[in-house]
Amino acid sequence: MIRSQAAGKLFVAGEYAVVEPGNPSVLVAVDRFVSVELTPSVDQGRIHSDQYGRQPLVWRRDAGRIVLERQDRPADYVPVAIDTVERFAAERGTSLSFYELAITSELDDVNGRKFGLGSSAAVTVATVRAVAEYYGLDLTPLEVFKLSLLATIDVNPRASGGDIAASVFGGWIAYSAPDREALAARLRTESVAAIVGSDWPDLSVRRVSAPRSLRLVVGWTGEPASTSRYVSELSGRQWRQSAHYERFLDASGACVSGLIAALDADDAPGALRSIRTARGLLSELSTAASLNIETPELAALCRAAEAVGGAGKPSGAGGGDCGIALLPAEADLAPLLRRWEQEDIRHLALQVHPPEGEPE
Ligand SMILES: Nc1ncnc2c1ncn2[C@@H]1O[C@H](COP(=O)(O)OP(=O)(O)OP(=O)(O)O)[C@@H](O)[C@H]1O
Ligand SMILES: C[C@@](O)(CCOP(=O)(O)O)CC(=O)O
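Quick caveat: nothing in here was measured; it's all calculated off a predicted structure.

Undergrad: Got a minute to help me understand the layout of surface pockets in this structure?
TA: One way to see where empty space is left: roll a probe the size of a water molecule over the atoms. A volume near 1200 Å³ is recorded for the largest pocket. Considering the residues around the largest pocket, the lining is formed by 48 residues, among which Tyr77, Lys114, Gly118, Ser119 and Ser120 are closest to the centre. Mapped by element, the contributors of at least two residues to the lining of the largest pocket are strand S1 (2-13), helix H1 (77-91), strand S6 (99-105), helix H2 (119-134), helix H4 (162-169) and helix H7 (227-233). In terms of residue count, H2 provides more of the lining of the largest pocket than any other element does, four residues in total. Of the residues that make up the lining of the largest pocket, three or more belong to each of domain 1 (2-207) and domain 2 (214-348).

Undergrad: Just to check I follow, could you spell out the side chain of Arg158 for this structure?
TA: Examined against the element boundaries, Arg158 turns out to sit in the loop between helix H3 (141-155) and H4. In contact with Arg158, not counting residues within four places along its chain, are Val19, Glu20, Arg180, Val231, Ser235 and Arg240.

Undergrad: Can you walk me through the pattern of salt bridges in this structure?
TA: A side chain with one charge may pair with a side chain of the opposite charge, provided their charged atoms come close. For the coordinates displayed, the defined rule picks out 21 salt bridges. The partner of Glu37 in a salt bridge is Arg3, and the shortest N-O contact between them spans 3.1 Å. With Glu37 in strand S2 (residues 25-40) and Arg3 in strand S1, the pair connects residues that are 34 residues apart, well separated along the chain. The shortest N-O distance in the salt bridge between Arg206 and Asp264 comes to 3.4 Å. In this pair, Arg206 sits in strand S8 (residues 204-207) while Asp264 sits in helix H9 (residues 243-264), placing the two residues 58 residues apart along the sequence. According to the relative accessible area criterion, Arg206 is partly exposed, its value standing at 38%.

Reading guide: rules and limits
- Residues numbered from 1 in each chain as written.
- Chains lettered and ligands numbered in written order.
- Predicted model: local features only at pLDDT ≥ 70, side-chain atom pairs only at ≥ 80, totals over all residues.
- Heavy atoms only, no water.
- 1 Å grid on protein atoms, 1.4 Å probe; cavity = no way out; pocket = protein on both sides within 12 Å on 5 of 7 lines; lining within 4 Å.
- Points joined across faces, edges and corners; volume = space filled by probe spheres on them.
- Helix = DSSP H or I, 4+ residues; strand = E, 2+ residues; numbered from the N terminus.
- Domains from an automatic or database assignment.
- Contact = heavy atoms within 4.5 Å.
- Salt bridge = Lys/Arg side-chain N within 4 Å of Asp/Glu carboxyl O.
- Buried < 20%, exposed > 50% of the residue type's maximum accessible area, 1.4 Å probe, protein only.

Structure representation (structure tokens):
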């Protein structure tokens, strides 16, 4: 049996702007995982996960590509991740066979509601790792990232891949995305191996220092939110060509660069200022584009962080899910947690998942 794992993530800053190639963001990996167990099988493949109900997804191959027995299902991360790794393996001359995947996740609560900790990225990365190990592919972390992003593009073409980078590389990272439209076009004409082997302009993953003088605290609103709905509302041509959007991208870039510099210098006041600016920018974006990024619960989460000498912001697309607070490392956590409890914000007792392999 092969076992693999992949970590969850939190956005620290740069959400939405990171969807445009080359715009920076900061993310952190967290120690909650999706796990995959792979066992060989005979004449068909199966995927077991609570996400699919009681029955596993059954798959076979048609002309070397993965097809689900139930073809009425929309494209889904796990089958697409299997298909992407298998294309890569077959292009390298590997002969393909069948196996079962059993998936378990710590990124949903007991009722199956997602926390917003990047379960789609973690399940994709864990699947890529398991299937690659099964075929003896010996991938570098960068190759795992690239295969995971190529798979994701098939399901969600606007996704930045920041969540995948955090899951693959661990720790605190600065991330900017490659052009996924260009990658999708290449996938129609080139081999997966050629795309993975090439340089991806605008892709950048680099380590950022974990702040020693600040601690990261995570609150969950209890409301799962749909990232793709918000991102697609912002994808309209008119909006993307507006002066407001251009200004947002510039201001976000400056804010994230300031945050990275402050984190690298362990400048706590500077980092807190950047978090407040990032919150303000998301709030302006939300108003301008009529989204509801900072819900009343997320606003309460941020107010509580400010009240105890820290700074808070929604993490990710907003509209629910999680928010983060950064507090001076010496601050007592109890007053923040009391305020959160009064506001029905649940503290997620997460730690940063440490760096795993160097981004090249
Ligand atoms: N345990 C799992 N087994 C199989 N597929 C999963 C699992 N967890 C997540 N997924 C896939 O990921 C999708 C959830 O992705 P979505 O982007 O909505 O959530 P998320 O990545 O956890 O949250 P966020 O994007 O806010 O961080 C599910 O619909 C499913 O396709
Ligand atoms: C809005 C966006 O920038 C962040 C989404 O974050 P999350 O998946 O909601 O945690 C989208 C993306 O990066 O793909």
